[in-house]
Amino acid sequence: MEAETTRAHEYLSTLKDAASADERRDIERRLDDIRVKINKATALEDKTEAVPLLAAALSDTRKLISFMTNIDVRTHVSVEELVPVTLTDSEKIAATIVALEKAKSRLAHVKVRMDNLPVDILEKVTFGVAHTEEVLAQAQSDLEAKEADAALTHSQEALVSATDLDLLTEPYRLETELNGEVTATTSTTTQEVIEPVEDADADRGTTTEVSKASTSVTQEIEV
């Protein structure tokens, strides 16, 4: 009991900004209640009567420690870091479709800018476009073969590459793009999907996060 209560007090002191003022007050109040139970137990002459009080105090202390651990965890670790989502094959396919469509859209914008690029940048972009198209074709092939893991990996790689090219060529955007006239040759899909791939414009990497299984995915993909 002494070891657990000491641990609880030490843990509370380490939380600092992690716990709100209200949470700290609630924890301290309950630690006081636990101390009262312990004092009552130790004051009893009949030690058999002390056992239930000490057992209750010990249980409460461990629950408080667990509660404080949860505060600490939620402050410093996301649920995805703690327990990553394991995607089903249908979710991987849905995520692949979204990534492919975004990659194709960004690549279409890059291609229409190529005539305006300086020679040094054009060389890099030409190589990058060719590589991205190869990865897109591989993702398409994986998708048709129902290789969900490979399809998702290649589609995300293509999206990262297309996003990098998009950012590189963004200073050379055309006025037609600003008017929304540039469109990609994308796949035809019929699907009900909670979009699982976050927009990579703000982050050059991609994050696949599917919180709900797709309810139906019917596709005809043409690259």
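A. Inspection of the overall build of the chain at higher detail. Counting secondary structure elements, the chain contains eight helices and two strands. Starting at the N terminus, the α and β elements of the chain follow one another as α-α-α-α-α-α-α-α-β-β. Counting every position in the chain, which comprises 223 residues, the buried fraction comes to 35%. Long-range contacts, defined as pairs at least 24 residues apart, comprise 76% of the intrachain contacts of the chain with a sequence gap of at least 6.

B. Structural view of the packing of helix H2 (residues 21–43) against helix H3 (residues 47–76). Interaxial distance between H2 and H3 falls to 8 Å at its minimum, and their mutual angle equals 165 degrees. Taken together, H2 and H3 sit at an angle that is classed as roughly antiparallel. In terms of crossing hand, the pair formed by H2 and H3 is left-handed. A per-class count over the contact of H2 with H3 returns 14 nonpolar, two polar and seven charged.

C. Structural context of helix H6 (residues 119–144). Along its 26 residues, H6 runs 37 Å from first to last C-alpha, staying within 8% of the 38 Å computed at 1.5 Å per residue. Here H6 has its buried residues at Ile121, Val125, Gly128, Val129, Thr132, Val135, Leu136, Ala139, Gln140, Asp142 and Leu143. After H6 finishes, the residue Lys146 shows a positive phi value of roughly 60 degrees.

D. Here's a closer look at the pattern of salt bridges. Under the counting rule described, the total for this entry stands at nine salt bridges. Put simply, Asp33 and Arg29 hold a salt bridge, and the shortest N to O gap is 3.2 Å. Of the two residues, Asp33 and Arg29 are both situated in helix H2; the distance of four residues between them amounts to about one turn of the helix. Arg29 gets classed as exposed once you look at its relative accessible area, which sits at 51%. The partner of Asp166 in a salt bridge is Arg113, with the nearest N and O atoms 2.8 Å apart. Of this pair, Asp166 sits in helix H7 (residues 148–169) while Arg113 is found in helix H5 (residues 89–113), placing the two residues 53 residues apart along the sequence. One connected set of salt bridges, linked through shared partners, spans Glu4, Arg7 and Arg62.

E. Structural detail: the nonpolar core. Among the nonpolar cores identified, the biggest contains 22 residues, and Ala103, Val125, Val129, Leu136, Leu143 and Leu165 are the most heavily contacted of them. If near-sequence neighbours (up to four positions away) are discounted, Leu165 is found in contact with Leu107, Val110, Val125, Gly128, Val129 and Thr132. Counting 15 residues, the second largest nonpolar core, distinct from the first, contains Ala8, Leu12, Leu15 and Ile27.

F. A look at the side chain of Ser161. By the element assignment, Ser161 lies in helix H7. Setting aside chain neighbours within four positions, we find Ser161 in contact with Gly128, His131 and Thr132.

G. View of unusual backbone geometry. At Lys146, a residue that is not glycine, the phi angle is positive and equals roughly 60 degrees. Residue placement: Lys146 occurs in the loop between H6 and H7.

H. Highlighting the packing of H5 against H7. Where H5 meets H7, the axes come as close as 8 Å, and the angle between the chain directions of the two elements is 25 degrees. Viewed along their axes, H5 and H7 adopt a mutual orientation that is roughly parallel. At the point where H5 passes H7, the crossing takes the left-handed sense. For the contact of H5 with H7, the residue count by class is 14 nonpolar, six polar and seven charged.

I. Representation of the environment of Thr61. With respect to the helices and strands, the residue Thr61 is situated in helix H3. Given a relative accessible area of 0%, Thr61 falls into the buried group. When the C-alpha positions of Thr61 and Thr6 are compared, they lie 9.8 Å apart, and in sequence the two are 55 residues distant. Polar contacts involving the side chain of Thr61 include one to the main-chain carbonyl oxygen of Ala57, which spans 2.7 Å.

The rules behind the values
Residues numbered from 1 in each chain as written. Predicted model: local features only at pLDDT ≥ 70, side-chain atom pairs only at ≥ 80, totals over all residues. Heavy atoms only, no water. Helix = DSSP H or I, 4+ residues; strand = E, 2+ residues; numbered from the N terminus. Buried < 20%, exposed > 50% of the residue type's maximum accessible area, 1.4 Å probe, protein only. Contact = heavy atoms within 4.5 Å. Axes fitted to C-alpha atoms, helices over the stretch in contact; angles between N-to-C directions. Parallel < 35°, antiparallel > 145°, perpendicular 65-115°, else oblique. Left-handed = near helix turned anticlockwise from the far one by under 90°. Nonpolar A, V, L, I, M, F, W, Y, C, P; charged D, E, K, R; others polar. Expected span 1.5 Å × (residues − 1). Salt bridge = Lys/Arg side-chain N within 4 Å of Asp/Glu carboxyl O. Core = buried A, V, L, I, M, F, W, Y, C linked by side-chain atoms within 4.5 Å. Polar contact = N/O pair within 3.5 Å; in protein donor to acceptor, adjacent residues only side chain to side chain.

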